[in-house]
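Observations on chain architecture
Here is how the chains run, residue by residue.
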Amino acid sequence: MLTRRHLLTGAAVGSAALLLPGTASAAEPDTGTEQGWLDWLAAHRRDISVVIDDGAGRRASRNADVRRLLASSVKVVHLSAYAVAVAEGRLDPKEQIRVGGWDAHHPFVADGRAHFHALTWLGVPCDDYGIAKDPEQRVPLARLPEAMIFFSDNAATDYLRTRLGDPALQLAAARGGWARPDTRSLGGEVLMLMMPENAPPPGSPVAVRRALGDAVARRFVADPAFRAEAFARFPTMPGTPDAQWPWVKGHARGTASELFSLHRSLASGRYRPGGALAREILARPLSDRVPPGASEVLIKDGALPRTLTIGLSVRWPGGRSGTAAVLLHGVTDQDTQNELPLIDALLAALSDPARFAALERALG
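Structural notes, computed from the coordinates. Residue indices begin from 1 for each chain and proceed along its sequence in written order. For this predicted model, a pLDDT threshold of at least 70 governs which residues receive local features, and a threshold of 80 or more governs which side-chain atom pairs are given and counted, while totals over whole chains, interfaces and linings are taken from all residues. Hydrogens and water are ignored here; the side-chain numbers use all heavy atoms of the structure.

1. Some thoughts on the packing of aromatic side chains
Heads up, the rule is: The aromatic pairing rule takes the rings of Phe, Tyr and Trp, using the six-membered ring of Trp, and pairs them if the centres are within 6.5 Å, calling planes under 30 degrees apart stacked, those over 60 edge-to-face and the rest tilted. Strands are runs of DSSP state E lasting at least 2 residues, helices are runs of H or I lasting at least 4, and numbering of each runs from the N terminus. Type-normalised accessible area, obtained with a 1.4 Å probe on protein chains alone, sets the label of each residue: buried when under 20%, exposed when over 50%, and partly exposed for intermediate values.
A complete count under the given rule lists nine aromatic pairs for this structure. Where Y129 meets F231, the ring centres are 5.1 Å apart and the plane angle is 85 degrees; that geometry is what we call edge-to-face. You can see Y129 sitting in the loop between α4 (114-121) and β5 (138-140) and its partner F231 sitting in helix α10 (residues 224-233), a full 102 residues away along the chain. In this structure F231 comes out as partly exposed when scored by relative accessible area, which is 34%. A ring pair is formed by F231 and F234, whose centres lie 5.3 Å apart and whose planes are at 75 degrees; its orientation type is edge-to-face.

2. Remarks on helix α13 (residues 275-282)
Heads up, the condition is: It is the directions from the helix axis to the C-beta atoms that the arc portrays.
Taken residue by residue, α13 has G275, A278, R279, I281 and L282 as its buried positions. Projected down its long axis, α13 carries its buried residues within an arc of 165 degrees, all on one side. Within α13, the exposed residues directed more than 90 degrees away from the buried face are A276 and E280.

3. Regarding the layout of surface pockets
How we decide: A pocket, in this scheme, is an open set of points on a 1 Å grid over the protein atoms alone with protein on both sides within 12 Å along at least 5 of 7 lines, while a cavity is a set where a 1.4 Å probe fits but cannot get out; residues line either one if an atom lies within 4 Å of a point. Grid points are joined across faces, edges and corners, and a volume is the space filled by probe spheres set on the points. All residues other than Ala, Val, Leu, Ile, Met, Phe, Trp, Tyr, Cys, Pro, Asp, Glu, Lys and Arg, Gly among them, are scored as polar; the first ten of these are nonpolar and the last four charged.
By volume, the second largest pocket amounts to about 360 Å³. Lining the second largest pocket are 25 residues, with R184, S204, V206, R209 and G250 positioned closest to its centre. Only α8 (186-194), α9 (206-222) and α11 (241-248) provide two or more residues apiece to the lining of the second largest pocket. It is α9 that contributes the most residues to the lining of the second largest pocket, three residues altogether. Considered class by class, the residues forming the lining of the second largest pocket number 13 nonpolar, four polar and eight charged.

4. Brief notes about the packing of α9 against α10
Note the threshold: The axes are straight lines fitted to the C-alpha atoms, using for helices just the contacting stretch, and the angles between their N-to-C directions are given from 0 to 180°. The scheme is simple: roughly parallel for angles under 35 degrees, roughly antiparallel for over 145, roughly perpendicular for 65 to 115, oblique for anything else. What makes two residues a contact is simply this: any of their non-hydrogen atoms within 4.5 Å.
Taken N-terminus to C-terminus, the directions of α9 and α10 make an angle of 110 degrees; their axes are 6 Å apart at the nearest point. If you check the angle between α9 and α10, you find them roughly perpendicular. Mapping the contact onto sequence places V216, R219, F220, V221 and A222 in α9 and P224, F226, R227 and A230 in α10. Counted by class, the contact of α9 with α10 contains seven nonpolar, no polar and two charged residues.

5. As for the nonpolar core
Here is the rule: The definition of a nonpolar core used throughout is a set of buried Ala, Val, Leu, Ile, Met, Phe, Trp, Tyr and Cys residues joined through side-chain atoms within 4.5 Å.
In terms of nonpolar packing, the biggest core is built from 55 residues, with W102, L164 and W178 touching the most fellow members. When residues of this core are assigned to their parent elements, the largest contribution, eight residues, is made by helix α2 (residues 75-87). Those residues in contact with W102 that lie beyond four places of it in its chain are H115, A118, L119, L122, V139, L144, A147, D153, A155, A156 and Y159. Residues W40, V50, A294 and L363 belong to the second largest nonpolar core, which totals 34 residues.

6. So, α2
Here is the rule: The span expected for a helix works out to 1.5 Å for each residue beyond the first.
Here α2 spans 18 Å end to end across 13 residues, near enough to the 18 Å set by a 1.5 Å rise per residue. Of all the residues in α2, the buried ones are K75, V76, V77, H78, L79, S80, A81, Y82, A83, V84 and A85. Among the residues trailing α2, G89 stands out with phi positive, at a value near 80 degrees.

So this is what it looks like as structure tokens:
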């Protein structure tokens, strides 16, 4: 359910040929190409929220203030809060933390093996479910925000939220112009899907769902017997996107304007303190996809069933920065797998006025 975002790699930004939004047809556009994504956007204007500004006088938007699922793109809030805490001396990135304490926020499944890949990246031996074989092994605290951004590890996200506290997350987001983001427990959401007797009735207020999710996540961390029960239950949880959708559609929501605001603040250098550290981490996943003449690309994306989200910025020498925030509803699993051509289309739009105009026409 709470799906992965692996470290993105690939070729450099593609051809600079002008892409024009095509006419929507009965067949769904092929999102395996940049042109196909422009066609998709043009055909799904009710299902998209986009804000894009190239930092050179061009700006476009569509449904910018419609609240949509955020998926893992919300993790830029947790990263910002961590970076502020380090800058203010409240957290020491060199602190050695127990891997078992990190694992305690991982309910075994439903993260696309993100936690498994994060531990493997760090050289921590673990089982097939991403649980360290030696819970007493230590890693630097600095590796957790990296795991959260590079692999979209939900356990790292919840660990940082627990260490920092929601007030710190809210304040960090507010520094970048995002008021009161929904920073509920990601592990709690998985556990309530896995063990629905711990979940609120359908249609319950957001605050009730958030509180129950937080409570079940805390119990999972503190109670080994409850963790064992969850392990026994996960094979029976809904296993397909369609089966998960009734639950997933109640996940945390926000607007493209809010996501854009925080990314824009980070990319422009206005975010202080901590902005430099946050940028350093956000710049690594797409370090091999920087447009010609630019200095770096910053990204945090996310996906859930029927949902794909991206917060992305390009920075150039001399201080210019361009930012895009994209929240898409109604995507297929194949569309999600085709994310890189969409990223390339956004990078091209931020870098080339003609490509920006093509995207603007697709948005309508």
